Every structure is written in structure tokens, then in C-alpha cells.
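# What the coordinates show
Below, each chain spelled out in residue letters.
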Amino acid sequence: MGWIRSFYRSTVGKKIVMALTGIIGVGFVTGHMLGNLLVFSGPEAMNKYAEFLKSNAAFLWTLRLTLLAAVGLHVHAAWSLTMLARAARPAGYDRQVTQISTFSARSLRIGGVILLVFLIFHLLHLTVGNVHPAFSPTDAYGNVMIGLSVPAVAAFYVLAMAALALHLHHGVWSLFQTLGWNHPHINPLRRRLAVLLAIVIATGFATIPLAVAFGLVG
């Protein structure tokens, strides 16, 4: 186990952990988005999907624990890398010079904070129900309709999905480089994949609170 500790303590090790946990995250949000889009098929389809997940407790808890571990490692690695970067220049710079980078890269840290806060709120809102105005453990469709009918909540969901889009765009692009899967011939494909996943996943999620807010479902 000593080599694992030594590996994770290195900058390269932390970046690889972020890349691998990022892949887990992309896989989860893709599947979660597809499941959530069942809201457009009506209450029966949505509630059957929710009941299917609950009836497979072993699978559901394995998924939850894997995701929890991945998020924990991802956040810790990101925080550790930030601390290492700051420690490397404790006095700061006399003059800040903006480097050439994408907006998604520059907003990565604040976007990550927004997503972490959103994840906690989302679990309390639509999974546990502690901050939901009328949570029902047997009516997932109703929970979505009621929970997202609050304008401020719907707006927060859309904001979080904008942060998710930026996070996915930079994350998908950079994980290929971290894992050594980059080459001039495949870089255009990397770029298109990063843009495609960011747009499709974030838009798929965002359509739900927007549809509820504008009365297109429910």
C-alpha cells in the first residue's frame, strides 16, 4: 500500500486520479441524464424507473458508494493540486499576466465549487427530501414537478448545469492529455468530443427545470 500513498502524493498521481474519477463522473452523469429525461414520458415511466432502481438495492448502493468515493477523491485531488500550486509561489506575482486558456479552464475552480454545493443540495432535495416542500418516497415524478416549480430552485439547477458544461468541456479535454491519450491527429476529435458531451449532457439536464418552469410538463 506504500506505493499507492507515494503515487497519490505526487502531482502526476493526483492528476491521474482526477482523470480516472472524472471518467467515472462522466459515465454517471450520462446515465443519470438519460434516466431523468424519462420525466418527459410521464409519471408512470419516471416512477417505474425510480422503483426499478430501489428494487435493486445492491446495484444502487454500489453505484452510490462508487460515485461518493470518486467525488471525494476528485475534490481532494483538485484541492491538493491547488494548494501545491500556491505553495510553489507563496509570495505571488507583482503583475498578473493572463495566459492563453479557455473560459472553461479559467472557471474550473469556481465551477467545481458550484457543482459541489449543487450536488449536496440535489441529494437533500430530490434523493433524501429534507429540503423538499412535499417529498414523497414513492412519487419521483411528483417530487420533480413540485421541487422544480420553485423559480429560485429551477434557476439554481440551470446555473449548476452551466457550470457542469464548462467543467465537462475542460475535464474531458484534459483527461486525454493526463492519461497520455493525446496526439496531433486525434486532438480535433478530443475537442469535438469535449464540446459534444458538455452540450448534450448539460442541455439534457437543463431541459427538465426549464420545462417545469415554463409549464411544458406536469
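Conventions we followed
- Residues numbered from 1 in each chain as written.
- Predicted model: local features only at pLDDT ≥ 70, side-chain atom pairs only at ≥ 80, totals over all residues.
- Heavy atoms only, no water.
- Helix = DSSP H or I, 4+ residues; strand = E, 2+ residues; numbered from the N terminus.
- Contact = heavy atoms within 4.5 Å.
- Areas by Shrake-Rupley, 256 points an atom, 1.4 Å probe, with all protein chains shown as cover.
- Lys, Arg positive; Asp, Glu negative; His and termini not counted.
- Charge placed at Lys NZ, Arg CZ, Asp CG, Glu CD.
- pLDDT = per-residue confidence, 0-100.
- Expected span 1.5 Å × (residues − 1).
- Buried < 20%, exposed > 50% of the residue type's maximum accessible area, 1.4 Å probe, protein only.
- Phe/Tyr/Trp six-rings, centres within 6.5 Å; stacked < 30°, edge-to-face > 60°.
- Polar contact = N/O pair within 3.5 Å; in protein donor to acceptor, adjacent residues only side chain to side chain.
- Axes fitted to C-alpha atoms, helices over the stretch in contact; angles between N-to-C directions.
- Parallel < 35°, antiparallel > 145°, perpendicular 65-115°, else oblique.
- Nonpolar A, V, L, I, M, F, W, Y, C, P; charged D, E, K, R; others polar.

## A short note on the overall build of the chain
Secondary structure assignment for the chain yields 9 helices and 0 strands. Seen through its principal axes, the chain has C-alpha atoms that stretch 55 × 40 × 40 Å. Within the chain, counting contacts between residues at least 6 apart in sequence, those at least 24 apart form 70% of the total. Accessible surface for the chain amounts to roughly 13400 Å². Of this, 71% is attributable to carbon and sulfur atoms. Side-chain charges in the chain split into 15 positive and 4 negative, and the spacing between the mean points of these groups amounts to 22 Å.

## Structural notes on the confidence of the model for the chain
Scored by pLDDT, the chain has a mean of 91; 94% of the residues are at 70 or more. The secondary-structure element of the chain with the lowest mean pLDDT is helix 5 (residues 103-106), recorded at 80, while helix 7 (residues 140-147) shows the highest, at 97.

## Here we look at helix 4 (residues 57-88)
The end-to-end C-alpha separation of helix 4 is 46 Å, in line with the 46 Å expected for 32 residues at 1.5 Å each. Within helix 4, burial applies to Leu60, Leu67, Ala70, Ala77, Ser80, Leu81 and Thr82. Contacts from the buried residues of helix 4 go to helix 1 (2-9), helix 2 (11-36), helix 3 (43-55) and helix 6 (108-127).

## A look at the packing of aromatic side chains
The final tally for this structure, using the stated rule, is 5 aromatic pairs. Measuring from centroid to centroid gives 6.4 Å for Phe121 and Tyr157, while their planes differ by 70 degrees, and the two rings are edge-to-face. One end of the pair, Phe121, is in helix 6; the other, Tyr157, is in helix 8 (residues 151-178), with 36 residues separating them in the sequence. When the ring of Phe176 is compared with that of Trp181, the centres are 6.1 Å apart and the planes differ by 70 degrees; the resulting orientation is edge-to-face. The exposure class assigned to Phe176 is buried, which follows from its relative accessible area of 18%. An aromatic cluster of at least three residues, connected via ring pairs, comprises Phe118, Phe121, Phe156 and Tyr157.

## A short note on the environment of His74
Following the sequence through the fold, His74 ends up in helix 4. A C-alpha to C-alpha distance of 15 Å links His74 and Val29, two positions 45 residues apart in sequence. If we skip the residues at most four places from it in the chain, His74 touches Met18, Thr21, Gly22 and His167.

## So, the side chain of Arg190
Checked against the element boundaries, Arg190 lands in helix 9 (residues 187-213). For Arg190, a relative accessible area of 3% gives the class buried. Reaching out from Arg190, the side chain makes a polar contact with the side chain of Asn187 at a distance of 2.6 Å. If we skip the residues at most four places from it in the chain, Arg190 touches Trp173, Phe176, Gln177, Trp181 and Asn182.

## Here's the deal with the packing of helix 3 against helix 4
Contact pair helix 3 / helix 4: the axes reach a minimum separation of 5 Å and the direction vectors enclose 90 degrees. One finds that helix 3 runs roughly perpendicular with respect to helix 4. Across from Leu53, Lys54 and Ser55 in helix 3, the residues of helix 4 making contact are Ala57, Phe59 and Leu60. Looking at the contact of helix 3 with helix 4, its residues break down into 4 nonpolar, 1 polar and 1 charged.

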